[in-house]
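An overview of the molecular structure
Listed here are the chains, written in short residue letters.
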Amino acid sequence: MNALTRTDFNFPGQKSVYHGKVRDVYNINDDLMVMVATDRISAFDVVLPKGIPFKGQVLNQIAAKFLDASADIVPNWKLATPDPMVTVGLKCEGFRVEMIIRGYLTGSAWREYKAGNRMLCGIKLPDGMKENQKFPTPIITPTTKADEGHDENISKEEIISQGIVSKEDYEQMEKYTYALFDLGTKIAAQQGLILVDTKYEFGKRDGKVYLIDEVHTPDSSRYFYAEGYKEKFEKGEPQKQLSKEFVRQWLIDHNFMNQPGQVMPEITDEYAESVSARYIELYEHIIGEKFQPAPASQDLAKRIEQNVTNYLKSL
């Protein structure tokens, strides 16, 4: 089991470090960010006690490919990927909202709809819709970005009136969100997939709005397989998904949803390896290329430190 679950680097020019649920972000001279995609995995707002080999590499490389593919339509933070598990980019001031865009009625939106709610983030939904039904046009359902606890749904009007984001910046983010989702939808279709919903995060630097964070990964997006979608939808059957939903489902099957009194089930090496295989499968389906794992025998932390340090010194 060669998985990177903690980092404690001291890079040239390092000012601070933020350890998130699954990524560690290093601030270099208040100008650049070194984002390390670790092999930690989270579900139900909790980090599981064992890392998943190659998960960080899978997510980092998917995000890097989509950032490159969309760079001509939306400016983004990425400068380089000096290591399979690392992206280095521009430090931006992040907006306090996440732009969630949905092409289909599923997940939390379906749960709200099923409970009788026809208003979602200020958007009126028509009556008579079914689970996993395609919206006539994609809808944006933003959430506030919470430092602790759960993100909360919010409308465009509330974001602007509360001064969370200016009208001009929000409309720019909105425009970029539709353009990114359109591109992601087309790329997914080429792989026999449906991009169901996803989230984007944006920040600002020198007065310009940038796309930041990861893009179109299975941790930030939901995909359906296009083949069989129509038949399953008409029969009211669950869709075949490509996301980390299978991890959540495994935890639910083992009576864990991070509720009081519940105990995290044991994550065996065998289960961790099986999750790793699923992530590699996700990569190959989404990207359409064979995954090239970094040598398992390497000391991951030492390799990352060397690769990032060499890159920073070359600037």
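Summarised in this report is the structure supplied together with it. (Residues numbered from 1 in each chain as written. Predicted model: local features only at pLDDT ≥ 70, side-chain atom pairs only at ≥ 80, totals over all residues. Heavy atoms only, no water.)

Between the first and last C-alpha of helix α8 (residues 300-314) there are 21 Å, a value that for 15 residues agrees with the 21 Å anticipated at 1.5 Å per step. Taken residue by residue, α8 has Leu300, Arg303, Ile304, Val308, Thr309, Tyr311 and Leu312 as its buried positions. Packing partners of the buried residues in α8 comprise β2 (23-28), β3 (32-37), β6 (78-83) and β7 (86-90). Its side-chain oxygen placed 3.2 Å from the backbone nitrogen of Ala301, Asp299 serves as the N-cap of α8. (Helix = DSSP H or I, 4+ residues; strand = E, 2+ residues; numbered from the N terminus. Expected span 1.5 Å × (residues − 1). Buried < 20%, exposed > 50% of the residue type's maximum accessible area, 1.4 Å probe, protein only. Contact = heavy atoms within 4.5 Å. Polar contact = N/O pair within 3.5 Å; in protein donor to acceptor, adjacent residues only side chain to side chain.)

This part covers unusual backbone geometry. Of note in the backbone geometry, Asn132 takes a positive phi value of approximately 70° without being a glycine. Within the secondary structure, Asn132 sits in the loop between β11 (123-124) and β12 (134-140).

Residue position: Phe291 is located in the loop between α7 (269-287) and α8. Taking the C-alpha atoms as reference, Phe291 lies 9.7 Å from Gln57; in sequence the two are 234 residues apart. Leaving out residues up to four positions away in the same chain, Phe291 has contacts with Phe54, Gln57, Val58, Gln61, Ile280, Tyr283 and Glu284.

This paragraph deals with the pairing of strand β1 (residues 14-19). As paired elements, β1 and β2 share 5 bridges and run antiparallel to each other. Bridge pairing in β2 places Tyr18 opposite Val25. Following β1, the chain reverses through 3 residues before pairing antiparallel with β2. (Pairing = 2+ DSSP bridges.)

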